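Descriptive structure summary
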Amino acid sequence: MFYWVVKAILGPVLAVLWQPRAEGVENVPRRGPAIMVSNHLSFSDHFFGPLPLPRKITFLAKAEYFTGTGVKGLASRAFFTGVGQIPIDRSGGKASEAALRTGLRVLRRGDLLGIYPEGTRSPDGKLYRGRTGVARLALESRAPVIPMGMINLEKIMPPGRTVPKLGVRPQMKFGEPLDFSRYYGMEEDQRVLRAVTDEIMYALMELSGQEYVDRYAQAVKQEQEAEAKEAKREQHADDKERRKADRARRKDERRALKEERKALKSSERKRKK
């Protein structure tokens, strides 16, 4: 119920402020299970993606949305819990298996399951390599897979921005269902899982128009964070050297001034003699 209340309140607001466009809504089944796979550009994907659909999408959301502290953490936890989103642990191993089982339960209920195959938001607007968990979900559930391309969402809420930017018109494109029936029963084959995942990512690339990078977004984020930390350390070191040089310069200036005064006093004494 809370999901529909939030949608009824936010829907008109989002429609007026950003005038979002949607294409291919008819490709989403009106009933029965389906896996909605989407590129992930910003936090606002959670709002605009489900907006044009008459059905609820239950997303597998990262656990961090439910464990934050302070006012922001409380608001995030209340929102995601209220709209029925499911927290998942992305640490891998048993946690990944638990997330898979959770997704399968949603599909067995006949609901729409939303998932971001990249595993995290794109750090730069490009489309990154998909995680194969989405392929296992598709093959084990045998539910149709609907690609959902988000466009311009990164301009509304880029990483680090908390207030949405106006003047941007987002677009959502829903592609035709992807058929993976030729792979049914092969969900333990890693090569098959990679092939299915890559096909899903190709469909998202076609819909979104993004540049594809055959690397995991999380690895790129970690590199960028490491580079930012190194740049900060270098800047700190440069600032430290600059302050040290400034102190040495001021010390030299004081010494020179002292010697100048000393020489001036000596000259005056000689003149008096």
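Residues numbered from 1 in each chain as written. Predicted model: local features only at pLDDT ≥ 70, side-chain atom pairs only at ≥ 80, totals over all residues. Heavy atoms only, no water.

1. Side note on the sheet that holds strand S1 (residues 21-23)
Selection criterion: If DSSP finds at least two bridges between two strands, the strands pair. Helix numbering and strand numbering both begin at the N terminus, where a helix is a DSSP run of H or I of at least 4 residues and a strand a DSSP run of E of at least 2. Lines fitted to C-alpha atoms define the axes here, with helix axes fitted over just the stretch in contact, and angles between the N-to-C directions of these axes take values from 0 to 180 degrees. Contacts are assigned to residue pairs with any non-hydrogen atoms lying within 4.5 Å of each other.
Strand order across the open sheet formed by seven strands is S1-S8-S7-S2-S5-S3-S4, with mixed pairing between neighbours. Only two strands of the sheet have a single partner each, and these edge strands are S1 and strand S4 (86-88). Taking the axes of each pair of neighbouring strands and ignoring which way they run, one obtains an average angle of 25° across the sheet. Helix H6 (residues 133-141) contacts strand S2 (34-38), strand S5 (112-115) and strand S7 (145-151) of the sheet and is inclined by roughly 165° relative to S2. Taken strand by strand, helix H8 (residues 190-208) contacts S2, S7 and strand S8 (171-174), and its axis lies near 40° from that of S7.

2. What to know about unusual backbone geometry
With a phi close to 45°, Gln-19 is a non-glycine residue in the positive phi region. As for its position among the elements, Gln-19 is in the loop between helix H1 (2-18) and S1.

3. Structural notes on the pattern of salt bridges
To be explicit about the condition: Between Lys or Arg on one side and Asp or Glu on the other, a salt bridge is scored when a side-chain nitrogen of the former is within 4 Å of a carboxyl oxygen of the latter.
This structure, assessed with the given rule, holds 15 salt bridges. Here Asp-252 ties to Arg-255 by a salt bridge, and the two come within 2.8 Å at their closest N and O atoms. With Asp-252 and Arg-255 both in helix H9 (residues 217-272), this residue pair falls three residues apart, about one helical turn. Members of the salt-bridge network, linked through shared partners, are Glu-97, Arg-101, Arg-136 and Glu-140.

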